[in-house]
Amino acid sequence: EAQVTQNPRYLITVTGKKLTVTCSQNMNHEYMSWYRQDPGLGLRQIYYSMNVEVTDKGDVPEGYKVSRKEKRNFPLILESPSPNQTSLYFCASQREGYNEQFFGPGTRLTVL
Amino acid sequence: KNQVEQSPQSLIILEGKNCTLQCNYTVSPFSNLRWYKQDTGRGPVSLTIMTFSENTKSNGRYTATLDADTKQSSLHITASQLSDSASYICVVSAGRGFKTIFGAGTRLFVKA
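A short tour of the structure in this document, coming up. Worth saying up front: this structure is predicted, and the values here are computed from it rather than measured.

1. As for the state of the cysteines
Every disulfide links exactly two cysteines, by a covalent bond between their sulfur atoms. Within this structure, the stated rule accounts for two disulfides over all chains. In this model Cys23 of chain A forms its disulfide with Cys91 of chain A; the gap between the sulfur atoms is 1.8 Å. With the S-S dihedral at roughly -75°, the linkage between Cys23 of chain A and Cys91 of chain A falls on the left-handed side. One end of the pair, Cys23 of chain A, is in strand β3 (residues 19-25); the other, Cys91 of chain A, is in strand β9 (residues 87-94), with 68 residues separating them in the sequence. For Cys23 of chain A, a relative accessible area of 2% translates into the label buried. Note on Cys91 of chain A: relative accessible area 0%, which makes it buried. Free cysteine: Cys19 of chain B, not disulfide-bonded; nearest cysteine sulfur from Cys90 of chain B at 15 Å.

Structure below.
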């Protein structure tokens, strides 16, 4: 089944404790992206990657890092999480030349 | 500044009725416009995708329109069902299509 998977789905952590949210897609898509969704604001793009080893900042990159060492994986790293990073995070992938993005199930992160 | 604005913010309709959701955008250079349906706590799912040259696209009971001159789009839902209760998000892509700007969404409630 073609899909985007994220892990973990739920995470509660404390300020300053490094964490990684994994994202994997099995559709051989070139493009992957991370978003955060907060009430009343809609989804905002954090980082995106157009292919392996090619990443770029979205609208709200501060406090986040990403890497794209393999085509299928695009982890989101929070080196020192803060409470304002409490949010619902979505990973998405897209095939180059096509307009449709496929979203993962979401990761709900709470930083205390 | 690239922006996508949706209205209304929320809407309550009776089952079986029609409704229209609006999306205005200021995104340049325009690549494509998508409407997504997002159930609570889940990832968005694509409904329609339109490029500059398309002014209408249907997907079952969902019909999207695009006026590239006025930079407006609408999503019309016909004969609403209880399962249509969700958030509907307008998304506009710029450039090669990888830079995406999301609207805040319209929350639709369909009542029996």
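On we go from here.
2. Thoughts on a nonpolar patch on the surface
Taken together, the side chains of Ile12, Val14 and Leu112 of chain A make up a nonpolar region of the molecular surface, amounting to roughly 320 Å² of accessible area. Relative to the assigned elements, Val14 of chain A resides in the loop between β2 (10-13) and β3.

3. Details of the environment of Tyr35 of chain A
With respect to the helices, strands and loops of the structure, Tyr35 of chain A is situated in strand β4 (residues 31-38). Exposure remark for Tyr35 of chain A: the relative accessible area of 0% places this residue in the buried category. Tyr35 of chain A sits 38 residues away from Asn73 of chain A along the chain, and the two C-alpha atoms are 15 Å apart. Leaving out residues up to four positions away in the same chain, Tyr35 of chain A has contacts with Leu43, Arg44, Gln45, Ile46, Leu88, Tyr89, Phe90, Ala92, Gln101 and Phe103 of chain A together with Thr100 and Phe102 of chain B. There is a polar contact of 2.7 Å between the side chain of Tyr35 of chain A and the side chain of Thr100 of chain B.

4. A closer look at the environment of Cys23 of chain B
All names here are of chain B. You can see Cys23 is positioned in strand β3 (residues 19-26). Separated by 79 residues in sequence, Cys23 and Phe102 place their C-alpha atoms 10 Å apart. Beyond its immediate chain neighbours, meaning those up to four positions away, Cys23 contacts Val4, Glu5, Gln6, Leu33, Trp35, Lys71, Gln72, Ser73 and Cys90.

5. Quick word on unusual backbone geometry
Of note, the amide linkage connecting Asn7 of chain A to Pro8 of chain A takes the cis form, showing an omega dihedral of -5°. Among the secondary structure elements, Pro8 of chain A is positioned in the loop between β1 (4-7) and β2. Looking along the chain, the bond that leaves Ser7 of chain B and enters Pro8 of chain B is cis, with omega of -10°. When you line up the elements, Pro8 of chain B lands in the loop between β1 (3-7) and β2 (10-14). If you check the backbone angles, Asn28 of chain A has positive phi at about 60° while not being a glycine. Note on placement: Asn28 of chain A falls in the loop between β3 and β4. If you check the backbone angles, Ala79 of chain B has positive phi at about 50° while not being a glycine. Tracing the backbone through its elements, the reader meets Ala79 of chain B in the loop between β8 (72-77) and β9 (86-94).

6. Brief notes about the nonpolar core
Of all hydrophobic cores here, the largest spans 26 residues; its most connected members are Val4, Tyr25, Leu33, Trp35, Leu75, Tyr88 and Val92 of chain B. Among the secondary structure elements, those contributing two or more residues to this core are β3, β4 (30-38), β5 (45-51), β7 (62-67), β8, β9 and β11 (106-111) of chain B. Per-element accounting of this core gives the leading share, five residues, to β9 of chain B. Once residues within four sequence positions are removed from consideration, Val92 of chain B is found in contact with Val4, Tyr25, Val27, Phe30, Asn32, Leu33, Lys99, Thr100 and Ile101 of chain B. Counting 19 residues, the second-largest nonpolar core is a separate cluster that includes Met27, Val66, Phe74 and Leu78 of chain A.

7. Thoughts on the sheet that holds β8 of chain B
Residues and elements named next belong to chain B. Read from one edge of the open sheet, five strands run β1-β3-β8-β7-β6, paired in antiparallel fashion. The sheet is open, and its two edges are formed by β1 and β6 (56-59), each paired on a single side. The sheet shows a mean angle of 15° between the axes of neighbouring strands, taken without regard to direction. When β7 meets β8, the two strands line up antiparallel, connected through six bridges. Note on β8: the bridge partner recorded for Thr65 is Ser74.

Cut-offs used in this document
Residues numbered from 1 in each chain as written. Chains lettered and ligands numbered in written order. Predicted model: local features only at pLDDT ≥ 70, side-chain atom pairs only at ≥ 80, totals over all residues. Heavy atoms only, no water. Disulfide = S-S within 2.5 Å. Helix = DSSP H or I, 4+ residues; strand = E, 2+ residues; numbered from the N terminus. Buried < 20%, exposed > 50% of the residue type's maximum accessible area, 1.4 Å probe, protein only. Patch = residues over 30% accessible without salt bridge, like charges linked within 9 Å, V, L, I, M, F, W, Y side chains within 5 Å. Areas by Shrake-Rupley, 256 points an atom, 1.4 Å probe, with all protein chains shown as cover. Salt bridge = Lys/Arg side-chain N within 4 Å of Asp/Glu carboxyl O. Contact = heavy atoms within 4.5 Å. Polar contact = N/O pair within 3.5 Å; in protein donor to acceptor, adjacent residues only side chain to side chain. Core = buried A, V, L, I, M, F, W, Y, C linked by side-chain atoms within 4.5 Å. Pairing = 2+ DSSP bridges. Axes fitted to C-alpha atoms, helices over the stretch in contact; angles between N-to-C directions.

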